[in-house]
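Structural overview
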Amino acid sequence: MALLRIGSILTNIFHEKKSRTDAAKRIIQPRPEPAGLEITTRIGCRNLCDYCPQETLIKAYRCRSAEMILSLAAFRAVVNKLPPHVRIHFSGMCEPWLNPDCTEMVLHAHSQGRKIRVFTTLAGMRPKDVSRLRAVAFDVFWVHLTSGSGLQNMSVDENYLHVLKMLHERKIPTDYVYYGDALHPEIAAILNNEARKETLCSRAGNLKHIGPPGNFPRRRGRIGCLRQLRQNVLLPNGDVVLCCMDYGVKHRLGNLMIDAYADLFESHEFQRVKTGMENPTIDILCRTCDFFAFEKEK
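The present account deals with the structure reproduced in this document. What you see is a predicted model, and the numbers here were worked out from it, not measured in a lab.

Parameters and conventions
Residues numbered from 1 in each chain as written. Predicted model: local features only at pLDDT ≥ 70, side-chain atom pairs only at ≥ 80, totals over all residues. Heavy atoms only, no water. Helix = DSSP H or I, 4+ residues; strand = E, 2+ residues; numbered from the N terminus. Buried < 20%, exposed > 50% of the residue type's maximum accessible area, 1.4 Å probe, protein only. Contact = heavy atoms within 4.5 Å. Areas by Shrake-Rupley, 256 points an atom, 1.4 Å probe, with all protein chains shown as cover. Core = buried A, V, L, I, M, F, W, Y, C linked by side-chain atoms within 4.5 Å. Salt bridge = Lys/Arg side-chain N within 4 Å of Asp/Glu carboxyl O. Pairing = 2+ DSSP bridges. Right-handed = clockwise from strand over helix to strand, strands pointing away. Phe/Tyr/Trp six-rings, centres within 6.5 Å; stacked < 30°, edge-to-face > 60°. Lys NZ or Arg CZ within 6 Å of the ring centre and 35° of its normal.

Turning our attention to the overall build of the protein. Tallying secondary structure elements over the protein gives 9 helices and 11 strands in all. With 298 residues in all, the protein has 56% of them scored as buried. Taking contacts inside the protein between residues at least 6 apart in sequence as the whole, the part at least 24 apart equals 72%. Accessible surface, the protein as shown: approximately 13,900 Å² in total, 51% of it carbon and sulfur.

Structure (structure tokens):
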């Protein structure tokens, strides 16, 4: 039921809009969402999906760090710093299971009583991972499927199809989504019309080829965030950036290898973002966000 509820919320908020241009003019009341930390388990995703600005991320990250893979020890250290209410999302800016320790990370978070959400393409996941994950009561488990439109480069090979069948047959509550015109035919044959089509966004202008003509208009007035600026993204070196739109590492809030979790929201950069949501002359990513930003009443 939780999966259906999340899907319904996203559909109501975003899919009823005629266009992203209309959305820029609409005033939306935010639905409070629990705080979360998205885990980027590595830098550099082999999927290279058309709607994911990997080159932007890799270039920006390498200017700061050579630590390309999140270690299990570092993940455990971060979890120990998080308040109990913070959900852990295995999503971030790369396919989570391209880190071979991802299942161990999930099981560790589960052993600590954490609420866990997963957003995966299944790339890197093995049948043994599916068997071990059955012990976890996921808050959300989304699988982003390969379409027939060439938007992704995930390999629909024997392992992929086996993992997908196991997920489907073993009844891990799963929400299947895809982008593009239609599902890959071999995937469609397994799921029996259980997948739904989702709408792409421009990653706050990081993808110039996605969005309405002229790209998404910059928001001018007072704005807010549907996630209350509290769904942040951990990178492998411990850096935390503002959100899943920040592929250019524009808003670095701190580093959880050094800082306390609460320090992130007292940082100069976080305060600058908050001020920028009231003052349109301050350059913040949220002004071009076509998915989670909304206009406030004047």
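Time to look at the nonpolar core. Grouped together as the largest cluster of nonpolar side chains are 93 residues, with contacts concentrated most on Phe90, Leu145 and Met245. The element contributing the most residues to this core is helix α7 (residues 158-169), with 6 residues. In contact with Phe90, not counting residues within four places along its chain, are Ile39, Phe75, Pro96, Cys102, Met105, Val106, Ile116, Arg117, Val118 and Phe119.

All chains considered together, the criterion is met by 12 salt bridges. Residues Asp239 and Arg64 are paired through a salt bridge, measuring 2.8 Å at the closest nitrogen-oxygen approach. Of this pair, Asp239 sits in strand β9 (residues 239-241) while Arg64 sits in the loop between α3 (54-62) and α4 (72-81), placing them 175 residues apart in sequence. A relative accessible area of 1% places Asp239 in the buried class. Here Arg87 ties to Asp139 by a salt bridge, and the two come within 2.4 Å at their closest N and O atoms.

Two faces make up the sheet, and in a regular strand the side chains alternate between them. Summarising burial for strand β4 (residues 140-145): 6 of the 6 residues are buried, a large majority. Side chains Val140, Trp142 and His144 of β4 all project onto a buried face; the interleaved residues Phe141, Val143 and Leu145 project onto the opposite face, where all are buried too. The sheet contact formed by strand β3 (residues 116-120) and β4 spans 4 bridges and is parallel. Across the sheet, residue Val118 finds its bridge partner in β4, namely Phe141. Across 4 bridges, β4 lies against strand β5 (residues 175-178) in parallel orientation. Across the sheet, Val143 pairs through a bridge with Tyr176, a residue of β5. The parallel pair β4 and β5, bridged by α7, forms a crossover whose chirality is right-handed.

The final tally for this structure, using the stated rule, is 7 aromatic pairs. Geometrically, the ring pair formed by Phe138 and Phe141 is edge-to-face, given 4.9 Å between the ring centres and 75° between the ring planes. For the residue pair Phe138 and Phe141, the accessibility class agrees, reading buried in each case. An aromatic cluster is present here, built from Tyr261, Phe265 and Phe270 joined pairwise through their rings. The positively charged end of Arg196 is found above the aromatic ring belonging to Trp142, 5.0 Å away from the centroid. When the ring centre of Phe265 is taken as origin, the NZ or CZ atom of Arg230, which lies over that ring, is 4.2 Å away.

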